[in-house]
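Below are the chains, spelled out letter by letter.
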Amino acid sequence: MTYTGVRIGLLALTLLAGSAATPTASAAAHPGTTHPGTAGSATVGSGTVEEQRLDRAAPQEILRRSGFDTVAPQFTRMLERSGSYTRAEHVVARQGARLWRRAVDRAQGRGPAGGDLSRDDDRPLYWARLAMTRELRGWKPGFGLTDPQRGRLVAALEQTSRGQRDFHYPRAKGVKRILVTGFDPFTLDRDVRISNPSGATALALDGTTIRTAAGPARVETAVFPVRWQDFAEGTVERTLRRQLPRVDLFTTVSQGRVGRFDVERTNGAWRGGFPDNDNASRTETVPVTDPASQPQWTSTTLPYERIVAAYTGRFPVYDHTSVTEIPAGGTDPVVRPDGPTPGSTARAGGGGDYLSNEIAYRATLLRDRLGLHDSLPGGHVHTPVLEFGAGNTDPATGTVTDPEFVRNRLDIIAQVRSILTVAAGAGVPGVSGTARTRD
């Protein structure tokens with residue numbers, strides 16, 4: 001997400017990936033309200049706010065045209081036969097992992113397509129997961145199930161169906177290890193048809209091997225929710241803490257600006273309040289463990305100069321350096337095109353003040369706290385906004401897919417793969433062409 005300087009109304013129409021409005025406009029329009037709920041979701045009536053969108057026509061069509069409409073009914077039948085909490089834990093973990101693997105296989109051309117929706121589509125995974133979590137929240141088993149137990153089941157389903165427990169790097173010497181993360185679709189109340197190219201990229205690349213100037217590299221991926229509470233509860237750190245010391249490069253990926261890629265130079269410790277997928281809003285310093293040692297800014301260690309200089313695809317790629325800060329001794333936010341000044345307070349990183357900036361901040365802060373700043377290339381890449389075809393822009397009358405929409409998504413996926421190929425072939429910061437040592 002990027003700082004755009006536009007008002008919040010225009011923002012929602014132009015940047016599907018949650019680029020931020022000005023800090024003052026964001027805070028005023030979306031005060032720091034939160035919603036209680038299981039596993040970080042706001043429960044309202046029948047399911048969470050996010051789950052209630054399931055019954056709209058477009059999500060149902062996406063599920064039907066991909067064959068993923070069978071996922072939740074099968075999951076429900078298996079839950080009903082579980083008979084105990086221990087058995088239910090097994091069912092949830094297995095079926096969540098199976099959903100992730102089914103989505104990855106579909107995206108990579110393995111097994112039946114299940115319908116006429118293009119294989120590169122990330123939306124079947126998103127809507128099928130929500131159908132499963134809604135069933136799990138409403139499930140009334142014959143045995144006693146406490147609220148904390150149900151919450152643990154929902155959390156296990158979230159983690160397994162997002163690939164967060166599914167990292168399998170080869171033991172072979174000479175094979176680099178790359179970790180990539182993506183996001184769910186969001187701003188769905190504006191257009192429920194939305195797809196997120198970062199999530200599609202995660203599905204397309206998971207478990208694949210790319211050829212780089214430094215040799216082969218294995219890519220493993222995971223997808224994260226667009227919910228403030230999940231991030232506050234440590235979903236990023238829980239997923240990445242064990243992985244970062246084992247990999248040679250990582251990049252968090254999200255959707256950003258129209259018609260361009262950006263390698264974000266600096267990440268800020270600020271939440272700007274734009275509503276998440278549960279329509280919850282947070283305006284505050286990014287909450288992390290040990291806040292006393294929390295920096296206002298973190299920086300990329302990706303080889304951004306090489307990435308920007310290389311031809312990776314049809315979209316231009318920029319080294320994006322702008323941030324928004326409150327200068328030391330000041331009170332008002334100021335845009336700094338060349339990055340933060342000493343002693344300043346963050347109000348937007350290069351990726352804005354929404355969850356793409358936050359995942360970049362959390363991942364790079366974790367890198368630094370693990371002592372890996374000088375040895376592990378890592379940072380954030382923003383993809384172009386995934387746009388529908390010219391005649392399919394009205395959510396009320398448009399179709400859920402079109403040829404230009406599919407072409408745009410495939411081109412974005414291919415270009416992320418090319419960016420990773422350049423980055424992984426560039427070596428580590430300060431050690432050109434040399435792979436970092438790992439256990």
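Scroll up to find the structure.
Throughout what follows, the structure given in this document is the object of discussion. Keep in mind that this is a model prediction, so the values were computed, not measured.

Observations concerning the sheet that holds strand β12 (residues 334-336)
Here 3 strands make up an open sheet; going across it, the order is β12-β11-β13 and the pairing antiparallel. With partners counted over all chains shown, the strands left at the sheet margins are β12 and β13 (345-348), one partner each. Pairs of neighbouring strands in the sheet enclose a mean axial angle of 45°, with direction left out of account. One ladder, built from 3 bridges, connects strand β11 (residues 323-326) with β12; its direction is antiparallel. Note that in β12 the partner of Glu325 across the bridge is Val334.

Quick word on the side chain of His380
Turning to its location among the elements, His380 is positioned in strand β14 (residues 378-383). In terms of polar contacts, His380 uses its side chain to reach the side chain of Thr252, at 2.7 Å. Within the local environment of His380, its side chain forms a polar contact with the side chain of Ser254, the two groups lying 2.8 Å apart. Sequence-distant contacts of His380, that is, excluding residues within four places in its chain, are made with Thr251, Thr252, Val253, Ser254, Asp262, Val263, Glu264, Leu302, Ser356, Ile359 and Ala360.

Brief notes about the sheet that holds strand β3 (residues 215-224)
The mixed open sheet is built from 7 strands, whose spatial order is β2-β3-β1-β4-β14-β5-β10. Two strands close off the open sheet at either side, each with one partner strand: β2 (209-212) and β10 (317-320). Adjacent strand axes in the sheet meet at a mean angle of 30° when their direction is disregarded. Here strand β1 (residues 176-183) runs beside β3; their pairing, made up of 8 bridges, is parallel. In the strand pairing of β3, Ile178 is matched with Val219. The strands touched by helix α14 (residues 403-424) within the sheet are β1, β2, β4 (249-255), β5 (261-264), β10 and β14, with β2 carrying the most contacts at an inclination of about 50°.

Section: the nonpolar core
Formed by 42 residues in total, the largest nonpolar core has its most connected members in Phe75, Val92, Trp127, Leu136, Trp139 and Leu153. For this core, the secondary structure elements donating two or more residues are α4 (57-66), α5 (71-80), α6 (85-107), α7 (123-138), α8 (147-161) and α9 (197-205). Filtering out sequence-adjacent residues up to four positions away, Trp139 remains in contact with Leu79, Glu80, Ser82, Ala88, Leu145, Arg150 and Leu153.

Focus: α5
Val71, Ala72, Phe75, Met78 and Leu79 are the residues of α5 that are buried. Seen end-on, α5 carries its buried residues on one side only, within an arc spanning 125°. The elements touched by buried residues of α5 are α6, α7 and α8.

Digging into the packing of α6 against α8
Helix-helix packing is described using two parameters, namely the angle between the two axes and the distance between the axes. At a minimum axis distance of 7 Å, the contact between α6 and α8 shows a crossing angle of 25°. The orientation of α6 relative to α8 falls into the category roughly parallel. The handedness of the crossing between α6 and α8 comes out as right-handed. Facing Tyr85, Ala88, Glu89, Val92, Ala93, Gly96, Ala97, Leu99 and Trp100 of α6, the residues of α8 in contact are Gln149, Arg152, Leu153, Ala156, Leu157, Thr160 and Ser161.

A word on the packing of α7 against α8
At a minimum axis separation of 10 Å, α7 and α8 run at an interaxial angle of 165°. Regarding the angle of α7 to α8, the classification is roughly antiparallel. Both α7 and α8 take part in a crossing whose hand is right-handed. Across the interface between the two elements, Leu125, Arg129, Met132, Thr133, Leu136, Arg137 and Gly138 of α7 pack against Arg150, Leu153, Val154, Leu157, Glu158 and Ser161 of α8.

Details of the pairing of β3
Among the 10 residues in β3, 8 count as buried, and that is most of the element. Remark: 2 residues form the turn of the hairpin made by β2 and β3, two consecutive strands paired antiparallel.

Points about empty space enclosed by the protein
Taken as a whole, this structure holds 3 cavities of 30 Å³ or more when the rule is applied. Its volume calculated, the second largest cavity comes out at about 50 Å³. Lining the second largest cavity are Asp122, Leu125, Tyr126, Arg129, Phe183, Asp184, Pro185, Gly199 and Val223. The element that contributes the greatest number of residues to the lining of the second largest cavity is α7, accounting for 3 residues. Across the lining of the second largest cavity, the residue classes break down as 5 nonpolar, 1 polar and 3 charged.

Definitions and cut-offs
Residues numbered from 1 in each chain as written. Predicted model: local features only at pLDDT ≥ 70, side-chain atom pairs only at ≥ 80, totals over all residues. Heavy atoms only, no water. Pairing = 2+ DSSP bridges. Helix = DSSP H or I, 4+ residues; strand = E, 2+ residues; numbered from the N terminus. Axes fitted to C-alpha atoms, helices over the stretch in contact; angles between N-to-C directions. Polar contact = N/O pair within 3.5 Å; in protein donor to acceptor, adjacent residues only side chain to side chain. Contact = heavy atoms within 4.5 Å. Core = buried A, V, L, I, M, F, W, Y, C linked by side-chain atoms within 4.5 Å. Buried < 20%, exposed > 50% of the residue type's maximum accessible area, 1.4 Å probe, protein only. Arc of directions from axis to C-beta. Parallel < 35°, antiparallel > 145°, perpendicular 65-115°, else oblique. Left-handed = near helix turned anticlockwise from the far one by under 90°. 1 Å grid on protein atoms, 1.4 Å probe; cavity = no way out; pocket = protein on both sides within 12 Å on 5 of 7 lines; lining within 4 Å. Points joined across faces, edges and corners; volume = space filled by probe spheres on them. Nonpolar A, V, L, I, M, F, W, Y, C, P; charged D, E, K, R; others polar.

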